[in-house]
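Chain by chain, the residues run as shown.
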Amino acid sequence: MAHVSIENLGKSYGATPVFANLDLDIEHGEFIALLGPSGCGKSTLLRCIAGLEQITAGDIRYDDSSIVELPPSDRGAAMVFQSYALYPHKTVRDNMGFALKIAKQPPEQIAERVEAAARILNITQLLPKRPRELSGGQRQRVAIGRAIVRDPKVFLFDEPLSNLDAELRAKMRVELSRLHRKIDATMIYVTHDQIEAMTMADRIVILHEGKIRQSGTPQEVFDRPADIFVARFIGAPAMNLFPLSRYSELGGVVGGQAQSLGAETLGIRPDELVVGGKATPSSPLVARFEVIESLGRQKLLHGETSLGDEITVSTHDGVAPETGVDLELSFEPGKVHLFDKNGNRCPDGASA
Amino acid sequence: MIPLSHAHERWILRILIAVFVFFLLAPVVWMISTSFKPPEEIFRTSPSLIPDAPTWRNYLRAFTETDILKYLGNGLIVSSLNAGLTTVLAALAAYGFAKFRFRGRKGLMLLMISAQMFPYAVLLISIYPMFQWSGLFDTRTGLVLAYLVFALPASIYILFSYMVNLPDELIEAARMDGAGEGLILRELILPLVIPGLITVFLYSFMWSWNDLLYSLTLITSEDKRTIGPGLLLTFLGEMEQDWGAAMAGSVIVSLPVVLVFSLLQRFFIQGLTAGAVK
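Residues numbered from 1 in each chain as written. Chains lettered and ligands numbered in written order. Predicted model: local features only at pLDDT ≥ 70, side-chain atom pairs only at ≥ 80, totals over all residues. Heavy atoms only, no water.

### Looking at the overall build of chain A
So, point 1. Along chain A, the regular secondary structure elements total 10 helices and 18 strands.
So, point 2. Projected onto its principal axes, the C-alpha coordinates of chain A cover approximately 80 × 45 × 35 Å.
So, point 3. Considering chain A as a whole, with its 352 residues, one finds that 51% of them fall into the buried category.
So, point 4. Taking the contacts inside chain A whose residues are at least 6 apart along the sequence as the reference set, 66% of them involve residues at least 24 apart. (Helix = DSSP H or I, 4+ residues; strand = E, 2+ residues; numbered from the N terminus. Buried < 20%, exposed > 50% of the residue type's maximum accessible area, 1.4 Å probe, protein only. Contact = heavy atoms within 4.5 Å.)

### Structural notes on the overall build of chain B
So, point 1. When its secondary structure is counted, chain B shows 13 helices and zero strands.
So, point 2. Helices (α) and strands (β) of chain B occur, in sequence order from the N terminus, as α-α-α-α-α-α-α-α-α-α-α-α-α.
So, point 3. In terms of principal-axis extent, the alpha carbons of chain B reach across some 75 × 65 × 35 Å.
So, point 4. For chain B, the proportion of its 278 residues judged to be buried stands at 41%.
So, point 5. A separation threshold of at least 6 residues defines the contact pool for chain B, and within that pool the share at least 24 residues apart is 72%.
So, point 6. Surface summary for chain B: the accessible area is close to 15600 Å², and the carbon and sulfur share equals 72%. (Areas by Shrake-Rupley, 256 points an atom, 1.4 Å probe, with all protein chains shown as cover.)

### A few points about the domain arrangement of chain B
Residues and elements named next belong to chain B.
So, point 1. With domains assigned, chain B is organised as domain 1 (7-59) and domain 2 (67-276).
So, point 2. Here the C-alpha centre of domain 2 lies 31 Å away from the C-alpha centre of domain 1.
So, point 3. Interface of domain 1 and domain 2: buried area, both sides summed, is about 710 Å²; carbon and sulfur atoms make up 83% of it.
So, point 4. The largest contributions to the domain 1 side of the interface with domain 2 come from Met31, Asn58 and Tyr59, which together make up 63% of the buried area.
So, point 5. Scanning the region where domain 1 abuts domain 2 turns up zero salt bridges.
So, point 6. In this assembly, domain 1 and domain 2 are joined by zero residue pairs in polar contact (both at pLDDT 80 or more).
So, point 7. Of all the secondary-structure elements, those providing two or more residues to the side of domain 1 that touches domain 2 are α1 (7-35) and α3 (57-64). (Domains from an automatic or database assignment. Buried area = accessible area lost by both parts, 1.4 Å probe. Salt bridge = Lys/Arg side-chain N within 4 Å of Asp/Glu carboxyl O. Polar contact = N/O pair within 3.5 Å; in protein donor to acceptor, adjacent residues only side chain to side chain.)

### A few points about the interface of chain B and chain A
So, point 1. With 15 residues of chain B in contact, the opposing surface of chain A contributes 24 residues.
So, point 2. Carbon and sulfur atoms make up 64% of the surface buried where chain B meets chain A, a total of about 1700 Å² over both sides.
So, point 3. Taken as a group, Glu169(B), Met176(B) and Asp177(B) account for 44% of the area that chain B buries against chain A, more than any other trio of residues on that side.
So, point 4. Two residues, Glu187(B) and Lys90(A), come together in a salt bridge whose shortest N-O distance is 2.7 Å.
So, point 5. Summed over the shared surface of chain B and chain A, the result is eight residue pairs in polar contact (both at pLDDT 80 or more).
So, point 6. Those elements that place two or more of their residues in the side of chain B that touches chain A are α8 (168-176) and α9 (181-192) of chain B.

### Notes on α1(B)
All names here are of chain B.
So, point 1. The terminal C-alpha atoms of α1 lie 41 Å apart, and with 29 residues this matches the ideal 42 Å at 1.5 Å per residue to within 8%.
So, point 2. Of all the bends in α1, the largest measures some 35° and sits at leucine 25, one to four residues before the proline proline 27.
So, point 3. Every buried residue belonging to α1 is among Met31, Ser33, Thr34 and Ser35, and all of these are buried. (Expected span 1.5 Å × (residues − 1). Bend = angle between axes of the 7 residues up to and from the residue.)

### What about the nonpolar core?
All names here are of chain A.
So, point 1. Judged by nonpolar contacts, the single largest core of 64 residues is most densely connected at Leu9, Leu45, Ile60, Tyr62, Leu156 and Ile188.
So, point 2. In this structure, leucine 156 is in contact with Leu46, Ile49, Ala50, Ala77, Ala78, Met79, Val80 and Ile188, ignoring residues within four places of it in sequence.
So, point 3. Counting 45 residues, the second-largest nonpolar core is a separate cluster that includes Met96, Leu134, Val142 and Ala201. (Core = buried A, V, L, I, M, F, W, Y, C linked by side-chain atoms within 4.5 Å.)

### Focus on the pairing of strand β17 (residues 326-330) of chain A
Residue and element names in this part refer to chain A.
So, point 1. The alternating pattern of β17 places Leu327 and Leu329 on a buried face, while none of Asp326, Glu328 and Ser330, on the opposite face, is buried.
So, point 2. Sheet topology note: the strand β13 (residues 274-278)/β17 ladder contains three bridges and is antiparallel. Its bridge partner lying in β17, lysine 278 is registered against leucine 327.
So, point 3. As defined by bridge partners, strand β14 (residues 286-295) adjoins β17 across three bridges and the pair is classed as antiparallel. For valine 286, the partnering residue across the bridge sits in β17 and is glutamate 328. (Pairing = 2+ DSSP bridges.)

### Some remarks on the packing of helix α4 (residues 68-99) of chain B against helix α12 (residues 227-235) of chain B
All names here are of chain B.
So, point 1. Look at α4 against α12: their axes get within 8 Å of each other, and the N-to-C directions meet at 160°. Relative to α12, the element α4 is oriented roughly antiparallel. Between α4 and α12 the crossing geometry is right-handed. The residues of α12 that touch α4, namely those facing Ile68, Tyr71, Leu72 and Gly75, are Ile227, Gly230, Leu231 and Thr234.
So, point 2. In terms of residue class, the contact of α4 with α12 is made up of five nonpolar, three polar and no charged. (Axes fitted to C-alpha atoms, helices over the stretch in contact; angles between N-to-C directions. Parallel < 35°, antiparallel > 145°, perpendicular 65-115°, else oblique. Left-handed = near helix turned anticlockwise from the far one by under 90°. Nonpolar A, V, L, I, M, F, W, Y, C, P; charged D, E, K, R; others polar.)

### Some remarks on a nonpolar patch on the surface
Residues and elements named next belong to chain B.
So, point 1. Nonpolar side chains collect at one region of the surface, where Leu13, Ile17, Phe20, Val21, Leu24, Leu25, Val28, Val29, Trp30, Ile32, Leu49 and Ile50 lie side by side and expose about 1100 Å² of accessible area between them.
So, point 2. Relative to the elements of secondary structure, isoleucine 50 occurs in the loop between α2 (39-42) and α3.
So, point 3. Since its relative accessible area comes to 62%, isoleucine 50 is described here as exposed. (Patch = residues over 30% accessible without salt bridge, like charges linked within 9 Å, V, L, I, M, F, W, Y side chains within 5 Å.)

### Remarks on the sheet that holds strand β11 (residues 240-243) of chain A
All names here are of chain A.
So, point 1. Reading across from one edge, β11-β12-β18 is the order of the three strands in this open sheet, with antiparallel pairing throughout. The open sheet has two free edges, formed respectively by β11 and β18 (337-339), since each of these has just one partner strand. For this sheet, the mean inter-axis angle between neighbouring strands, taken without regard to orientation, is 25°.
So, point 2. Where strand β12 (residues 265-268) and β18 come together, three bridges link them in antiparallel fashion. Counted as the bridge partner of glycine 267 is histidine 337 from β18.

### Things to note about the sheet that holds strand β15 (residues 298-305) of chain A
Residue and element names in this part refer to chain A.
So, point 1. Taken together, five strands build an open sheet; the order of strands is β13-β17-β14-β15-β16 and the sheet is antiparallel. This sheet does not close on itself; its edge strands, each paired only once, are β13 and β16 (310-315). Direction aside, the axes of adjacent strands within the sheet are offset by 45° on average.
So, point 2. Across eight bridges, β14 lies against β15 in antiparallel orientation.

### Some thoughts on unusual backbone geometry
Note on backbone geometry: most residues besides glycine have negative phi, and most peptide bonds are trans.
All names here are of chain A.
So, point 1. The peptide bond linking alanine 236 to proline 237 adopts the cis configuration, its omega dihedral lying at -5°.
So, point 2. With respect to the element layout, proline 237 can be found in the loop between α8 (228-233) and β11.
So, point 3. Positioned with a positive phi, glutamate 209 is a non-glycine residue whose angle comes to about 50°.
So, point 4. By secondary structure assignment, the location of glutamate 209 is in the loop between β9 (203-208) and β10 (211-216).
So, point 5. We classify glutamate 209 as exposed; its relative accessible area is 58%.

### Some thoughts on the pattern of salt bridges
When the charged atoms of two side chains lie near each other, side chains of opposite charge can form a pair.
So, point 1. Tallying each qualifying case throughout the model produces 23 salt bridges over all chains.
So, point 2. The partner of Glu53(A) in a salt bridge is Lys11(A), and the shortest N-O contact between them spans 3.6 Å. Here Lys11(A) lies in strand β1 (residues 4-13) and Glu53(A) lies in the loop between α1 (42-50) and β4 (57-62), a separation of 42 residues in the sequence.
So, point 3. For Glu53(A), a relative accessible area of 16% translates into the label buried.
So, point 4. Among the ionic pairs, Lys101(A) bridges to Glu187(B), the shortest N-O distance being 3.7 Å. Of the two residues, Lys101(A) sits in helix α2 (residues 92-102) while Glu187(B) sits in helix α9, which places them in two different chains.
So, point 5. According to the relative accessible area criterion, Lys101(A) is partly exposed, its value standing at 49%.
So, point 6. Residues joined in a network through salt bridges with shared partners are Lys11(A), Arg47(A), Glu53(A) and Glu172(B).

Below, the structure is given as C-alpha cells:
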C-alpha cells in the first residue's frame, strides 16, 4: 500500500504534449479509475507511473519518496496488461514466480507465495498449465496473480477486461472489487468503459485531451458533472443538452437562476424526462420519437425535438409512447444541470 | 494464386513443375548413379541410369585414398563456427532492430540489407587484400568472417521479422518483473523464436558448407581445406578426372546436410514464411 502523489507531471513526445501540469493524489488503499476516451492520455499516465515511459516534467512520489529515477521493477508497482502479456512458453507457476526468481528468492519461498496468490484467485489447478491452454478469463486471473505475487505497493491495471466478453467482464468486475477488499492495496485502473469505472472505483478521474476534467466518487461525477464533457461521457444513454439561447422556454421552467448564473446550456439525463400527452403550443419541450429500443421494462426513445435536435428519453414503466407524433416532455426543475458559456458547471450546481 | 479453371491450364502447370523438378533432381540422381559405377561404365558413350555392375569401390577409394575425412572435419568446424556466430550475432542485432527505437534505425537496416545486393564474387576482390594485410588470409577465422559477411544480413532480417511480431507488452511485463535486457533476450525472446534460430543456423551452415569460391581462394594450405575445394582438387585435376570417386565423395559430404535438413525442414519452411501471413 502506498500513497501516490503526482505533481506537475508533464509528458510529451517530441513537441507533442500528451499532458502537462497534471496533479493527482491517490490515497493508501484507494481504488482509482482513470477514465477517458481513447487518446486522452490515461494509458500514458499509467505507463509513466509504472516507469515504462519517461516523464518530461514534474514528479511522482510513493509515500513521499520520488520514484521517477527508479527502473520499473524497483518502483514497487505491478502491472496487469490488456493483452495479459503472459510468457507463452512458461507454465502458470513460472509466469507467476518469474519476478521472484529474478529477485533471487529461495525456491521454497517462491512456491509458497505463488500458491498463496493462486489460492486467492482460485487458480491452483492451473499452475502446471501453459497460457495457451487457458481461457481468456483464466489468463486474466493468472496475469493478476503474477501481480499479486510481487506484493506490490501499487497495482496498475491497463484496461485489463477489454479483451473479455460481456458476461465474463461483469464477473471479473465483481472479482476485482472483491480482490481489492481482500488485499487492500492501492489500485490504479485505466479504462474507457464507464461501467467498469462506476462499479469498481472508489474515485473516478476523468481525463480528456491530457487534462483532468473531474475527480470524484462515482456518485459525484454522475450527479454533479464538472463540465459538459463529463456530463456527456458519464451515464448511458448520454445526457441531453439544450442551448438556452434556442430553448428559452426551458430557462423559464428552471426559473430565474439560469440567467443569474450565466447558464448557456441546460442538460438533463434521459431518465429524468417524463413523456406526457400530445404537445400544446404552451409546452416548453416537445419531441417526436422515431425509434424505440426496448430493453424489457426499460425503453429507450430516440427522436428529435421540435427544433430538430436529437433527444433520448429513457422510461422504466414499460409503456412505449406513440411514435411520429409531437409529445410534451416534462421534468423536475431540480434535476437539470446548468453549464456556462465555457461548458463548465454553473456554481452551486445545477439545481435549485 | 493463379486461378486454374481449365483442365489444360492445370496440365501446363504440371508439365512446368515436372521440368523444374527434373532440372533439380537429375544431377543428384546422376551423382548417386555415377558413384556406384566402375570407371569403364562412367565413360561409356551410351550411359545407363542404373549401373550394370554396381560397386562400392568408389566409396572405398574416397575414404582410404583421399583426405576427405579431414576436409569433412574442416568443413564442419568452419560451418559450425559460422552458423553459431551468425545465429548469436543475428539474434542480438535483430532484437535491437525489432524492439528498440534509436536514431538511424531504418537507415542502418537498409544499409545492412543492401550489403546483400553485392555479387558474392565482387566482394572477394576487396576481402582478399584485406585478409592479406590483416593476417587473416589462409586462416579458418578469416574464412568464418568472410562467410559472416554474407550470412548475417539475411539472418538478421529473418530473426527481425520473428521478433517484431512479439508483443511489446511481453517485454514490458518482463521489465516490470525486474528482468534486464540480457535476461529478457535469453529467457523470453530466444525461446519464442526457436524456429527462427534453427532457420538461421541451417541457412548459414549450408551457405558455408556449399561454398567453393571463398574457400578455394582464401585457404591455401591443404590441411585447412574444406570440402568444396577438397573434392575439386583431389579428384578433378588438369590431367585426370576420377569421376567415380568424386561422385562418391560428393554423396558422402551431402549426406550430413540432407540428414539435418530433413529433420529440421519443418522449422526451416516455417522460418522463411514467418510474418508473411499473420
